[in-house]
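# Observations on chain architecture
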Amino acid sequence: MNSYEVVVLGGGPGGYVAAIRAAKLGKKVALIEARELGGTCLNRGCIPSKTLLRLAEVIETIEKAKSWGIETGDMTFSLSKMLGRKDAIIQQLRSGIAHLLKQGKIDVYNGVGNVQADGEITVQLAEKKEIIRGDKIILATGSRPLVPAIEGIEESAYFTSDTIFDIDKIPESMVIVGGGIIGVELACIFASLNVPVSIVEMNDRIVPSEEPEASKALSKSLKRKQITILTNTKVMKIEQHDGRQLVHVESDSGKAQTLDTEAMLMAVGRSPNTSAFNDLNLEMDGAFVKVNSAMQTSDPSIYAVGDVTGGWQLAHVASAEGVVAAANAAGETETVDYRMVPRCVYTSPEIASVGLTEADAKRQGIDYKVVRVDHAGNGRALAQDEKEGFTKLIASTKYGEILGVLMVGPHVTEMIAEPSAFIHLEGTVDELASMVHAHPTITESLYEAAASWIGKGVHH
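Residues numbered from 1 in each chain as written. Predicted model: local features only at pLDDT ≥ 70, side-chain atom pairs only at ≥ 80, totals over all residues. Heavy atoms only, no water.

Let's shift gears to the overall build of the protein chain. Helices and strands together make up the secondary structure of the protein chain, namely 13 helices and 24 strands. Relative to its length of 460 residues, the protein chain is compact, with a C-alpha radius of gyration of 24 Å against a globular reference of 23 Å. Each principal axis of the C-alpha atoms in the protein chain carries an extent, and together these give about 70 × 65 × 45 Å. The 460 residues of the protein chain split such that 51% are buried. If you take every contact in the protein chain between residues at least 6 apart in sequence, the share linking residues at least 24 apart comes to 62%. If you sum the accessible surface of the protein chain, you get close to 21600 Å²; carbon and sulfur atoms cover 51% of it. Averaging the coordinates of the 45 positive side-chain charges in the protein chain and doing the same for the 59 negative ones gives two points 2 Å apart. (Helix = DSSP H or I, 4+ residues; strand = E, 2+ residues; numbered from the N terminus. Rg over C-alpha atoms; globule rule 2.2 N^0.38 Å. Buried < 20%, exposed > 50% of the residue type's maximum accessible area, 1.4 Å probe, protein only. Contact = heavy atoms within 4.5 Å. Areas by Shrake-Rupley, 256 points an atom, 1.4 Å probe, with all protein chains shown as cover. Lys, Arg positive; Asp, Glu negative; His and termini not counted. Charge placed at Lys NZ, Arg CZ, Asp CG, Glu CD.)

Let's shift gears to the packing of aromatic side chains. For the coordinates displayed, the defined rule picks out two aromatic pairs. When the centroid spacing of 6.3 Å and the interplanar angle of 90 degrees are considered together, the rings of Tyr 4 and Tyr 109 count as edge-to-face. Taken together, the residues span a long stretch of sequence, with Tyr 4 in strand E1 (residues 2-9) and Tyr 109 in strand E3 (residues 107-110) at a distance of 105 residues. Centre to centre, the rings of Trp 312 and Tyr 338 are 6.2 Å apart; their planes meet at 70 degrees, and the pair counts as edge-to-face. On the criterion of sequence distance, the pair formed by Trp 312 in the loop between strand E19 (302-304) and helix H7 (315-329) and Tyr 338 in the loop between H7 and strand E20 (343-345) is long-range, its members being 26 residues apart. Under the relative-accessibility criterion, Trp 312 is labelled partly exposed at 35%. On the accessibility criterion, Tyr 338 (32% relative accessible area) is partly exposed. Across the ring face of Phe 390, the terminal group of Arg 372 is positioned such that the distance to the ring centre comes to 3.8 Å. (Phe/Tyr/Trp six-rings, centres within 6.5 Å; stacked < 30°, edge-to-face > 60°. Lys NZ or Arg CZ within 6 Å of the ring centre and 35° of its normal.)

Relative to the elements of secondary structure, Ala 327 occurs in helix H7. Measuring from C-alpha to C-alpha, the distance between Ala 327 and Gln 226 comes to 49 Å, with 101 residues separating the pair along the chain. Among residues more than four places away in sequence, those in contact with Ala 327 are Arg 21, Leu 25, Glu 332 and Glu 334.

Strand order across the open sheet formed by five strands is E8-E15-E9-E10-E11, with parallel pairing between neighbours. The sheet is open, and its two borders are formed by strand E8 (159-160) and strand E11 (228-230), each paired with just one other strand. As paired elements, strand E9 (residues 174-177) and strand E15 (residues 263-266) share four bridges and run parallel to each other. The residue bridging Ile 176 from the neighbouring strand is Leu 265, located in E15. (Pairing = 2+ DSSP bridges.)

Pairing in this open sheet of three strands is antiparallel, and the strands run E12-E13-E14 from one edge to the other. Edge positions in the sheet fall to strand E12 (233-241) and strand E14 (256-261), since each has one partner strand and no second. With direction set aside, neighbouring strand axes in the sheet form an average angle of 25 degrees. (Axes fitted to C-alpha atoms, helices over the stretch in contact; angles between N-to-C directions.)

In a structure, side chains of opposite charge can pair up when their charged atoms sit close to one another. Per the stated rule, a full pass over the model turns up 30 salt bridges. The partner of Glu 36 in a salt bridge is Arg 35, and the shortest N-O contact between them spans 3.9 Å. Take Glu 36: its relative accessible area is 27%, and that puts it in the partly exposed class. Here Glu 239 and Lys 237 are joined by a salt bridge, their closest N and O atoms 3.5 Å apart. Overall, Glu 239 belongs to the partly exposed group, its relative accessible area being 30%. Classification of Lys 237 as partly exposed rests on a relative accessible area of 28%. What emerges from the salt-bridge pattern is a single network uniting Arg 35, Glu 36, Arg 44, Asp 162 and Arg 270. (Salt bridge = Lys/Arg side-chain N within 4 Å of Asp/Glu carboxyl O.)

Below, the structure is given as structure tokens:
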């Protein structure tokens, strides 16, 4: 039996990062992954979706360029080439992870792991079963798409976020059940391919995890792309008719209608993968594993990171938690500071936020002041014909400490790093306003917001 100081279950962004960190801390490490290295993010989530969103951005730019005096011929799409590029990028990154694990002398078991109560782990490989032991175990088993119990769902043909990137043809139409981050990003991709898309969302707005202003701006943009958005609406029943899906929906007001579509995507959320450690008597928080600030479970020798803990289902959060769990498993003392975790939506326009929302500040009883700067007067945004969007800054009135920033517009998922750093360093609006920002850039809107907040704004 092979024994290790640290065994990691799951090779996604939380797991492989934890394994590498533990190895660099001098520990003998094993990693168990049932499928492909990189997990959902690399193989079925972040990377394929952002690759195709880039294609959607190019298609939209070509269309928009007509008004700039740049004319092209009829545009054609090759789904096979688009998906081929996606697959090539995935393979390149997957190979990179394998190289890093090999470089770290980490033993990789490509099989299904099952943790026993005595610390032994059974690994079902392709041709045999092997038992290994770990002094410390890190659970990074991730999550899977949640499929709601809708009448007729078992007989219907539908995609999930795990299967949609293997679609073999561009559908004539699509209904997306769920208007969260996954749903709206995929809506942008298919709308750019001239697919009529309808989003059905139970909440009163899309991307309900973000502030209302962001939802409103994105909703306005999606409608311009001819995407139908049905909020406060539930799917009641799904029927099959001549190879198509009849999706019966009903609004909170009682209005019923039927959406006739060729393709249907379920994007209502994800549920944790816990089967690998069902034999453990870990304390749970609902369906998720309960952890403390050190990512430690109720069993002090077992840690958990990523989606399986029920926190933010974001790859960069899983990686940050993996680093912390590995350090603590190696005998160090670290915690995750969630205050400066950026939250990004890669639609058009993009949404990026960090820190507290207004609702958070109110709930915590903090005296604060808000300044919002629209991008309509920003020189770079106008030059790029991407003037929709805004920057919103929330700061404490006591010391001027920056509490939160919300940005909507082009490239804001890159720009959010600056306010994230300020929040991490407990920076103030005075300090931000004293920085010289390059002109012309959309990031100037962040400077304008800070300067306006302290009453020294020039353009706002």
